[in-house]
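# Geometric and topological summary
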Amino acid sequence: MKTTFKTCSGREYDLKLDFLLAKKLDKWDFSACSENRFCLLRPATCNFGEIYNDYALLGAIAFAVIFEKEKQSHPEKEYSVEDQAAMETAFTRDLGGDALEAMRSAVWGMLKDFFPTLASGFERVERAVEIAAEEDAKSQNLFEQMIRDANTERMKEMKKQLTAGM
């Protein structure tokens, strides 16, 4: 699965996960950014269907992976709360549009790679979200067509009234 993504500025991140990193992530508290529960090492407690579209939580998960990898890469450095906050602010400012979708795909790919036995469940969530988006698009198109039809009828009626009054 794809676990890499680029931010708007072109910086590339890899969210590949190992068990040691998973243990560190499991200690993170994501409750400040989402009501959806996320405990990496207890997947049965997560509603992945809700997580899939929770961009705040997905971004927080991606940042947690990136920050923990940064700490692993520089074990000699002490990271303050201010360092973490500054890194998180810079990271979230660099997401948007295609980068946001790429980040979601990378987080999802990371989860699918880490839990291969749950891959079919992840794929069902993806398909359900796709179907819901297709249905939303159909509903939107139908609504727009109804508005066009109503406007056309109103225009015909106004034209009829105008020609009758002449």
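Rules and cut-offs
Residues numbered from 1 in each chain as written. Predicted model: local features only at pLDDT ≥ 70, side-chain atom pairs only at ≥ 80, totals over all residues. Heavy atoms only, no water. Helix = DSSP H or I, 4+ residues; strand = E, 2+ residues; numbered from the N terminus. Rg over C-alpha atoms; globule rule 2.2 N^0.38 Å. Buried < 20%, exposed > 50% of the residue type's maximum accessible area, 1.4 Å probe, protein only. Contact = heavy atoms within 4.5 Å. Areas by Shrake-Rupley, 256 points an atom, 1.4 Å probe, with all protein chains shown as cover. Lys, Arg positive; Asp, Glu negative; His and termini not counted. Charge placed at Lys NZ, Arg CZ, Asp CG, Glu CD. Disulfide = S-S within 2.5 Å. Axes fitted to C-alpha atoms, helices over the stretch in contact; angles between N-to-C directions. Parallel < 35°, antiparallel > 145°, perpendicular 65-115°, else oblique. Left-handed = near helix turned anticlockwise from the far one by under 90°. Nonpolar A, V, L, I, M, F, W, Y, C, P; charged D, E, K, R; others polar.

Before going further, it helps to spend a moment on the overall build of the protein chain. Scanning the protein chain from N- to C-terminus turns up six helices and two strands. Each helix and strand of the protein chain, placed in order from N terminus to C terminus, yields the pattern β-β-α-α-α-α-α-α. In summary, the protein chain has a C-alpha radius of gyration of 23 Å against a globular reference of 15 Å for 166 residues, an excess of more than 25%. Dimensions along the principal axes, computed over C-alpha positions, put the protein chain at roughly 90 × 35 × 25 Å. The buried share among the 166 residues of the protein chain stands at 33%. A fraction of 62% describes how many contacts in the protein chain between residues 6 or more apart in sequence connect residues 24 or more apart. Counting every atom, the protein chain has about 10700 Å² of accessible surface; 54% of that belongs to carbon and sulfur. Of the charged side chains in the protein chain, 23 are positive and 29 negative; the average position of the first set lies 3 Å away from that of the second.

Let's shift gears to the state of the cysteines. Taken as a whole and assessed by the stated rule, the structure comprises zero disulfides. Take Cys-8: it sits in no disulfide, and the sulfur closest to it among the cysteines is that of Cys-33, at 19 Å.

The next point concerns the packing of helix H3 (residues 55–73) against helix H4 (residues 81–93). Contact geometry for H3 and H4: axes closest at 11 Å, N-to-C directions at 130 degrees. With respect to their mutual orientation, H3 and H4 come out oblique. H3 and H4 meet at a crossing whose hand is right-handed. Side by side, H3 and H4 meet where Gly-59, Ala-62, Phe-63, Ile-66, Phe-67 and Glu-70 of the first sit next to Gln-84, Met-87, Glu-88 and Phe-91 of the second. The residue inventory of the contact of H3 with H4, partitioned by class, reads six nonpolar, two polar and two charged.

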